[in-house]
Each structure stands twice: as C-alpha cells, then as structure tokens.
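Structural overview for review
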Amino acid sequence: EAFVPSVYGGKGAFMWGASSKLFDAEGNVIGAIETIRDVTARKKTQQALIHSEQKYRSIFDNVVEGIFQTTPDGRFITVNPSLARIYGYSSPEELIETITDIGRQIYVNPDERDEFLRIIKEKGSLTNFELQIRKKDGSTLWASLNVHAVYDENGKPLYYEGTSEDITSRKLVEAALKESENKYRTLYESSRDGVVKIDMEGRFVEFNNSYLEMLGYTSEELVGRSYKEITPSQWETEEDSIVIEQIIGRGYSDVYEKEYRRKDGSIISVELRAYLIKEHGKNVGIWGIVRDITERKQI
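For clarity, every value in this text was computed on a predicted model and none was experimentally measured. Each residue is numbered by its place in its chain's sequence as written, counting from 1. Given that the model is predicted, a residue must reach a pLDDT of at least 70 before its local features are reported, and side-chain atom pairs must reach 80 or more before they are shown or counted; all residues, however, enter totals for whole chains, interfaces and linings. Note that water and hydrogens are dropped before the side-chain values are worked out from all heavy atoms of the structure.

**Notes on the overall build of the protein chain**
Heads up, the condition is: Each helix is a run of H or I in the DSSP string that is no shorter than four residues. Each strand is a run of E no shorter than two, and both are numbered from the N terminus. Remark: exposure states derive from per-residue accessible area (1.4 Å probe, protein chains only) relative to the maximum for the residue type, with buried under 20%, exposed over 50%, and partly exposed in between. We call two residues in contact whenever any of their non-hydrogen atoms come within 4.5 Å of each other. All accessibility values rest on the Shrake-Rupley procedure with a 1.4 Å probe; residue burial counts only the protein chains present in the view.
When helices and strands are counted, the protein chain shows 10 helices and 13 strands. Counting across all 299 residues of the protein chain, residues that qualify as buried make up 34%. Within the protein chain, contacts between residues at least 6 apart in sequence are counted, and of these 38% link residues at least 24 apart. About 18,900 Å² of surface is accessible on the protein chain, with carbon and sulfur atoms providing 51% of the total.

Written out as structure tokens, the structure reads:
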C-alpha cells in the first residue's frame, strides 16, 4: 500500500492505493486488483498539523523565556534551549539528565520548593513566583516563574508546565534603589532642618519630624492643609512671586526668609529654599528645605 498521485481525482487530490496480484491455477500472474480511496481531507489535516507543530516548535526553541514541563516530584520532562542557557547548561538534554531533584539542585532555598508546591496544590497555578536559582557553575540568579498544573481525568496532577524568566538585573536595580531610598530616608528623618513637600495647589503632602516639631503640629493635623494657612498674610504676595518667577520659572528658588505661625499661635522666623518636582515633564509638587532662624533673628 502507498500514496499514489490521483489519476481519477481533481488537481491537488490524494488517493490511497492498494493492489493485489491475480494468479491463474498454475501460479502465473494474469492481472491485478487495485482499490483507490480518496484521502485528500486526511492529508490536508495532517499537513496543517505538521505546519502548526513546526510553528510552535520554532516558538518553543527560539523564545527568550525558558519553557519547561516537570513531574510533581521534581524532575524535568521537557525544557527549551533558553531554559538550559539561563540555568547554565549546554543543552536541554544535559539539564534534563543532570537534574533529578529540582528542589535541592536548582532552588537555592529548598523551602521555596515546598511553598511552590503548596500554592500549586491550593490554586492550581502561580504567577510571578520569585526565587533564587542555582546555576550549573554554582552561581545564582533571580528567576520569576509562571506555572500551572495539568491534571488527569481523576484530578491527579500529571505534570507542571510554565515559564521561567531571568530577573536578576531587575532585582539588582531594586536592591540598589532600596539601599539608596533607605540612605536618603535616614538623612531625611535625621535632618535638623525641616523637609516638606507640597502639591501644586499648595497642600502639604509629606514632611519630616523636624518640620512637625518646628510648627508643633502632628502629621494628621497638617497633611492636606495649605501652607498659606500657617503663613502670616504679609508674606503672601512676596512668596507668590517667588513661586511663579523662581520655583516654577527656573526650577528652584534662592534662599529666602519668611515667617510661620505655629499651632500655639506663636510666630517663628525661617529661611528656606524650594525645588520644583517634575514627573514626565509635568509639574507635580515642590520640595522645601526649612530652617528655624528665630533665635538668630532675635540676636
């Protein structure tokens, strides 16, 4: 039996042919019987499946993210070349053969494998699960996993499949930003000068403890109020001019003096400098660095 070009069907048709020899009583071939069956639809379906498989195989082999299937007990079934590369192995085959216990050989912290399994069991999937991975050479990287479970007809997990993305660069940036934020937060909170942030309508948004102590207010009492409420009226015209001409006009002010009215009604003298805050090219607020100079003014 074999596929044969159709001499009966139209253009593009496929036929399945089967032939049997006919013999006479003495065993001589005297003819043949041939049967032809139209299998065009089946062939087209097969060709479509082959094309589809080739397309998704190309995606599987060339996508940047690592793709994998694993058994519930921690062995890789299938991995793509990107996952092997991310984890430091020369080929998918080497990774599959080498790793027999994902939790102990791949996870830097094996307890995270227990957490992974707990979430999968509870929800059937997990998204953006971040953990540290141990590469073949012993170095580590940060990975983000997106995984779901595939079950049999009885609800038993057959395997887990998903993707793994190397997020080491992002985690390093986040760590650096956190360190920087912590450093400047310490300076912000420990500064003897008051540090205050207002929005473009002049309402208090943020301030450090020195600013609150300077004025005698609590955070709850001050947030959302306008700075003009604690500024004696004789300073309003001059300060409006500084805001428009210097802060908005060029992005910062010269050091200037004004007065504040404290919560208890007393007046203090301050000097301050202000800086415009921009986000995506839009003015969103103003930072002020404020120093109490009452004692100096009295002297």
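**A few points about the confidence of the model for the protein chain**
Threshold: Confidence per residue, as judged by the predictor, is encoded in pLDDT with a range of 0 to 100.
Looking at the protein chain as a whole, its pLDDT mean stands at 87, while 86% of the residues score no less than 70. No element of the protein chain has a lower mean pLDDT than strand β1 (residues 2-5), which averages 46, and none a higher one than strand β11 (residues 256-261), which averages 96. Scored below 50 in pLDDT, residues 1-9 makes 19 contacts in the model with residues more than four places away or belonging to other chains.

**What to know about unusual backbone geometry**
Although it is not a glycine, N128 sits at a positive phi angle of roughly 55 degrees. The residue N128 is located in strand β6 (residues 125-134) in this model. A positive phi angle, near 55 degrees, is found at H280, a position not held by glycine. Relative to the helices and strands, H280 is located in the loop between β12 (267-279) and β13 (282-292).

**With respect to the pattern of salt bridges**
Note the threshold: What makes a salt bridge here is a side-chain nitrogen of Lys or Arg within 4 Å of a carboxyl oxygen of Asp or Glu, nothing more.
Evaluation of the coordinates by the stated rule reveals 20 salt bridges. Between E236 and K228 there is a salt bridge whose closest N-O contact spans 3.9 Å. Looking at E236, the relative accessible area reads 38%, which means it is partly exposed. The residue R296 makes a salt bridge to E257 at a minimum N-O spacing of 3.7 Å. Here R296 is found in helix α10 (residues 294-298), whereas its partner E257 is found in strand β11, with 39 residues between them in sequence. Overall, E257 belongs to the partly exposed group, its relative accessible area being 33%. Bridged by salt links that share partners, the residues E130, R170, K171 and E174 form one connected network.

**Details of helix α6 (residues 168-190)**
The criterion, for reference: A helix's residues, less one, multiplied by 1.5 Å, set its expected span.
With 23 residues, α6 ought to run about 33 Å at 1.5 Å a step, and its terminal C-alpha atoms sit 33 Å apart, in line with that. Those residues of α6 that fall on the buried side of the exposure criterion are T168, K171 and Y188. Where α6 is buried, its residues contact β6, β7 (140-151), β8 (157-166), β9 (194-199), β10 (204-207) and β13.

**A few points about the nonpolar core**
Keep this limit in mind: The criterion is simple. A nonpolar core is a set of buried Ala, Val, Leu, Ile, Met, Phe, Trp, Tyr and Cys residues joined through side-chain atoms within 4.5 Å.
F76, Y87, L95, I106, F116, L145 and V147 are the most contacted members of the largest nonpolar core, which totals 26 residues. Looking at this core, the elements with two or more residues in it are β5 (76-79), α2 (81-86), α5 (111-123), β6 and β7. Ranked by residues supplied to this core, first place goes to β7 with five residues. Not counting the four nearest positions on each side in its chain, F76 is found in contact with F68, Q69, T70, L83, Y87, L95, I96, I99, I102 and I106. Core analysis: the second largest hydrophobic core is formed by 24 residues, F207, Y211, L222 and I247 among them.

**Comments concerning the environment of S139**
Under the convention used in this document: Counting of polar contacts relies on pairs of N or O atoms within 3.5 Å, with two restrictions inside protein: one atom must be capable of donating a hydrogen and the other of accepting it, and residues adjacent in sequence are counted only when both atoms are side-chain atoms.
Of note, S139 is situated in the loop between β6 and β7. Along the backbone, S139 and G88 are 51 residues apart, and their C-alpha atoms lie at a distance of 9.2 Å. Leaving out residues up to four positions away in the same chain, S139 has contacts with I133 and R134. Side-chain polar atoms of S139 contact the side chain of D137, separated by 2.6 Å.

**Topic: the sheet that holds β13**
Note the cut-off: Think of it this way: DSSP has to see at least two bridges between two strands before they count as a pair. Fitted lines through C-alpha atoms give the axes, limited to the stretch in contact for helices. The angle between two N-to-C directions lies from 0 to 180 degrees.
Within the open sheet, the five strands sit side by side as β10-β9-β13-β12-β11. Their pairing is antiparallel. Among the strands making up the open sheet, the edge pair consists of β10 and β11. This sheet shows a mean twist of 35 degrees between the axes of neighbouring strands, independent of strand direction. Sheet topology places β11 next to β12; six bridges connect them, and they run antiparallel. Considered in β12, the bridge of Y260 is made with I268.

**So, the packing of aromatic side chains**
How we decide: Any pair of Phe, Tyr and Trp rings, taking the six-membered ring for Trp, is counted once the centres come within 6.5 Å. Such a pair is stacked with planes under 30 degrees apart, edge-to-face with planes over 60 apart, and tilted for the rest. By the criterion adopted, a ring carries a charge over it if an Arg CZ or a Lys NZ lies within 6 Å of its centre and within 35 degrees of its normal.
The full count for this structure, using the stated rule, is six aromatic pairs. Aromatic side chains F68 and F76 sit 6.4 Å apart centroid to centroid with 80 degrees between the ring planes, which places their arrangement in the edge-to-face category. Using a relative accessible area of 7% as the deciding quantity, one classes F68 as buried. Taken together, F204, F207, Y211 and Y260 form an aromatic cluster joined through their ring pairs. If you follow K171 out to its NZ or CZ, it ends over the ring of W142, 4.5 Å from the centre.

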